[in-house]
Amino acid sequence: CSYGFAGRAILKHYCGNKSENFKGIKARMTKHVFPGDTLETQMWLESPTKVIFQVRAVERDVIVLGNACATIVSGTSSSEQSSSSNGTAFKSDFLFEGIQERVKSNGAELVQKVQGIFHFKITNGPNDATKSWNIDLKNGSGNVQASEPAKADCTFTISDEDCINLFSGKLNPQQAFMQGKVKISGNMAFAMKLKALTDAEQA
């Protein structure tokens, strides 16, 4: 089931839900999956035709499917398409697109839980570019846009690569802050609510 779970996530995020854009998948089972496990698919677009991924059992914090990659048709990734006007896509774009989808389906619940606005300033992108993401979990049913908010409760400044590691669990938030890999401005207490997003299922 972890193969199908990962394949469905890749098909949605990188192939426009079109099976003809999905060319192949290779992976290795690393741990057993048990009934009730919440599975999280973590994906990185390594090249226009190659997606690196792994599947994590959230509650047990173990990788159940690893050493994995999928081959797709070049130019079909939503990240590539949405960033075509700005040049090469940021590696972290898929993370925010995933949050965008979750807000569309569970926005009211997230707004009730978070009650604030996050601003992510992503640095060290393609050609040393910088990109802003506005995650509004304060108003209405929530909203996610690739723009700088007029006012944010908390701003995270982090590199493109470190942003992926932060959301995937490879980078501990406290250690990242102490090491200067992420800079936080605004309401520090509110920053702790980021866990509502990093713990959310990414598939």
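What counts, and at which threshold
- Residues numbered from 1 in each chain as written.
- Predicted model: local features only at pLDDT ≥ 70, side-chain atom pairs only at ≥ 80, totals over all residues.
- Heavy atoms only, no water.
- Helix = DSSP H or I, 4+ residues; strand = E, 2+ residues; numbered from the N terminus.
- Contact = heavy atoms within 4.5 Å.
- Areas by Shrake-Rupley, 256 points an atom, 1.4 Å probe, with all protein chains shown as cover.
- Polar contact = N/O pair within 3.5 Å; in protein donor to acceptor, adjacent residues only side chain to side chain.
- 1 Å grid on protein atoms, 1.4 Å probe; cavity = no way out; pocket = protein on both sides within 12 Å on 5 of 7 lines; lining within 4 Å.
- Points joined across faces, edges and corners; volume = space filled by probe spheres on them.
- Nonpolar A, V, L, I, M, F, W, Y, C, P; charged D, E, K, R; others polar.
- Patch = residues over 30% accessible without salt bridge, like charges linked within 9 Å, V, L, I, M, F, W, Y side chains within 5 Å.
- Salt bridge = Lys/Arg side-chain N within 4 Å of Asp/Glu carboxyl O.
- Core = buried A, V, L, I, M, F, W, Y, C linked by side-chain atoms within 4.5 Å.
- Buried < 20%, exposed > 50% of the residue type's maximum accessible area, 1.4 Å probe, protein only.
- Phe/Tyr/Trp six-rings, centres within 6.5 Å; stacked < 30°, edge-to-face > 60°.

Chemist: Before we go on, may I ask you to explain the overall build of the chain in this structure?
Modeler: Within the chain, the regular secondary structure consists of 7 helices and 9 strands. A sequence separation of at least 24 residues applies to 63% of the contacts in the chain between residues at least 6 apart. Surface exposure of the chain reaches about 10400 Å², of which carbon and sulfur atoms provide 49%.

Chemist: Teacher, can you tell me more about the environment of glutamate 40 here?
Modeler: Relative to the helices and strands, glutamate 40 resides in strand S2 (residues 39-47). It is 9.9 Å that separates the C-alpha atoms of glutamate 40 and aspartate 61, two residues lying 21 residues apart in sequence. Separated by 2.5 Å, the side chains of glutamate 40 and glutamine 42 make a polar contact.

Chemist: Help me out: how do you make sense of the layout of surface pockets in this one?
Modeler: Once rolled over the atoms, a probe with the size of a water molecule shows which space is left empty. Size it by volume and the largest pocket reaches roughly 700 Å³. Surrounding the largest pocket, 26 residues form its lining, Leu166, Leu171, Asn172, Pro173 and Thr198 being those nearest its centre. Broken down by secondary-structure element, the contributors of at least two residues to the lining of the largest pocket are strand S3 (50-57), helix H4 (160-168), helix H5 (173-178), strand S9 (182-186), helix H6 (188-191) and helix H7 (195-198). For the lining of the largest pocket, the per-class residue count stands at 14 nonpolar, 7 polar and 5 charged.

Chemist: What's the story with a nonpolar patch on the surface in this structure? I'm lost.
Modeler: Taken together, the side chains of Tyr3, Ile25 and Met29 make up a nonpolar region of the molecular surface, amounting to roughly 250 Å² of accessible area. Here methionine 29 shows up in strand S1 (residues 22-29).

Chemist: Mind showing me how you'd approach the nonpolar core here?
Modeler: Side chains of nonpolar character tend, in soluble globular proteins, to be buried together. Counting residues in each nonpolar core, the largest one holds 49 residues, and the members touching the most others are Ile10, Phe96, Phe118, Phe120 and Ile135. Looking at this core element by element, the count peaks at 7 residues for helix H3 (residues 93-114).

Chemist: Teacher, can you tell me more about the pattern of salt bridges here?
Modeler: Between side chains of opposite charge, a pair can form as their charged atoms come close. On inspection of all chains with the given rule, the structure shows 7 salt bridges. Ionic pairing is found between arginine 56 and glutamate 40, a salt bridge with its closest N-O pair at 3.0 Å. Of this pair, arginine 56 sits in strand S3 while glutamate 40 sits in strand S2, placing them 16 residues apart in sequence. Across this residue pair, the class does not change: arginine 56 and glutamate 40 are buried. Between lysine 131 and aspartate 93 there is a salt bridge whose closest N-O contact spans 3.0 Å.

Chemist: Mind showing me how you'd approach unusual backbone geometry here?
Modeler: One non-glycine residue, asparagine 67, lies in the positive phi region at around 45°. Within the secondary structure layout, asparagine 67 lies in strand S4 (residues 62-72). The class of asparagine 67 is exposed, set by a relative accessible area of 63%. Within the chain, asparagine 124 stands out as a residue other than glycine whose phi angle is a positive 55°. By secondary structure assignment, the location of asparagine 124 is in the loop between strand S5 (116-123) and strand S6 (131-137).

Chemist: Looking at this structure, how should I read the side chain of serine 2?
Modeler: Considering the arrangement of structural elements, one finds serine 2 in helix H1 (residues 2-14). Apart from the residues within four sequence positions on either side, serine 2 is in contact with Met29, Val33, Leu39, Val55, Val64 and Leu65.

Chemist: Where do I start with the packing of aromatic side chains in this structure?
Modeler: Two aromatic rings are characterised by how far apart their centres lie and by the angle between their planes. Enumeration according to the criterion identifies 9 aromatic pairs in this entry. Measuring from centroid to centroid gives 6.1 Å for phenylalanine 96 and phenylalanine 167, while their planes differ by 65°, and the two rings are edge-to-face. Residue phenylalanine 96 is located in helix H3, and its partner phenylalanine 167 is located in helix H4; the two are separated by 71 residues in the primary sequence. Phenylalanine 167 gets classed as buried once you look at its relative accessible area, which sits at 3%. Aromatic pair phenylalanine 118 and phenylalanine 156: ring centres 6.0 Å apart, planes at 45°, arrangement tilted. Of this pair, phenylalanine 118 sits in strand S5 while phenylalanine 156 is found in strand S8 (residues 154-159), placing the two residues 38 residues apart along the sequence. On the basis of relative accessible area, phenylalanine 118 is assigned to the buried category, the value being 0%. For phenylalanine 156, a relative accessible area of 3% puts it in the buried group.

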